[in-house]
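Single-letter residue listing:
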Amino acid sequence: MKRIITLTVMNRPGVLNRITNLFSKRNYNIESITVGHSETEGISRITCVVNVENDQIIEQITKQLNKQIDVIKVTDITEQSIVARELALIKVLSTASTRNEIYSLIEPFRASIIDVSKDSISIQITGESDKIEAFIELIKPYGIKELARTGTTAFQRGTQKSSNNQSKTISIV
């Protein structure tokens, strides 16, 4: 089952490496991982999407992540009400005859064209993973030259009831 875990971590060298090594050593595959600055200086937010067999494994992962020195908080947000987005950049082969067809596919998905050349169009699309997948499937017959995806970035919507998530809090001086 697919699970989404968010981590709040200290923004220090080697933190991401230690976290990914934890997954690797235990033979857990990370489907996607995004990292970026948070609203607090010196703190980063990591969103991991992992596929696990059962709830015990996700509980074990959460506990092991919480033991990491630079990890401030770990939350499994899969069952929560969340906002989740992904970005994809897609370079599609296009000729003068196929360009209008491609434009007609872009509009309903609220994608945008970010570059046009003689033989290709570069498209930017954001949204939930299912939307990105659906767009990629529609555009495939035209020939995808390049594809780059960010992976899922997510956080909880508004105020949520507290749950039994494993987390720890540390003071930042």
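Scope of this entry: the structure provided in the associated data block.

So, about the side chain of serine 120. One can find serine 120 in strand β7 (residues 120–127). By relative accessible area, serine 120 is classed as buried at 5%. At 2.9 Å, the side chain of serine 120 and the side chain of serine 117 are in polar contact. Aside from chain neighbours lying at most four places away, what touches serine 120 is Lys91, Val92, Leu93, Ser94, Arg99, Asp115 and Lys145.

Moving on: helix α1 (residues 15–25). Among the residues of α1, those classed as buried are Val15, Ile19, Leu22 and Phe23. Down the axis of α1, the sector holding all buried residues measures 95 degrees, keeping them to one side. Looking at α1, the residues exposed on the side facing more than 90 degrees away from the buried face are Ser24 and Lys25. Looking at the buried side of α1, the elements it contacts are β1 (2–10), β2 (30–37), β3 (43–51), α2 (55–66) and β4 (71–76). Once α1 ends, the next one or two residues include asparagine 27, with phi positive near 65 degrees.

The subject of this paragraph is the pattern of salt bridges. Evaluation of the coordinates by the stated rule reveals 13 salt bridges. Between aspartate 70 and arginine 12 there is a salt bridge; the shortest N-O distance is 2.6 Å. Taken together, the residues span a long stretch of sequence, with aspartate 70 in the loop between α2 and β4 and arginine 12 in the loop between β1 and α1 at a distance of 58 residues. With relative accessibility at 9%, the residue aspartate 70 sits in the buried group. For arginine 85, the salt bridge is made with glutamate 128, and the minimal N-O distance between the two is 3.8 Å. Taken together, the residues span a long stretch of sequence, with arginine 85 in strand β5 (residues 82–93) and glutamate 128 in the loop between β7 and α4 (129–139) at a distance of 43 residues. Assessed through its relative accessible area of 41%, arginine 85 is described here as partly exposed. We classify glutamate 128 as partly exposed; its relative accessible area is 48%. Each of Arg3, Asp55, Asp76 and Glu79 takes part in a single network of salt bridges with overlapping partners.

Okay, the packing of aromatic side chains next. Applying the stated criterion across every chain yields a total of one aromatic pair. Geometrically, the ring pair formed by phenylalanine 109 and phenylalanine 135 is edge-to-face, given 5.2 Å between the ring centres and 65 degrees between the ring planes. Taken together, the residues phenylalanine 109 in the loop between α3 (99–106) and β6 (112–116) and phenylalanine 135 in helix α4 connect sequence positions 26 residues apart. Overall, the relative accessible area of 16% leaves phenylalanine 109 in the buried class. Among the residues examined, phenylalanine 135 registers a relative accessible area of 0% and is labelled buried.

About the criteria used
- Residues numbered from 1 in each chain as written.
- Predicted model: local features only at pLDDT ≥ 70, side-chain atom pairs only at ≥ 80, totals over all residues.
- Heavy atoms only, no water.
- Helix = DSSP H or I, 4+ residues; strand = E, 2+ residues; numbered from the N terminus.
- Buried < 20%, exposed > 50% of the residue type's maximum accessible area, 1.4 Å probe, protein only.
- Polar contact = N/O pair within 3.5 Å; in protein donor to acceptor, adjacent residues only side chain to side chain.
- Contact = heavy atoms within 4.5 Å.
- Arc of directions from axis to C-beta.
- Salt bridge = Lys/Arg side-chain N within 4 Å of Asp/Glu carboxyl O.
- Phe/Tyr/Trp six-rings, centres within 6.5 Å; stacked < 30°, edge-to-face > 60°.

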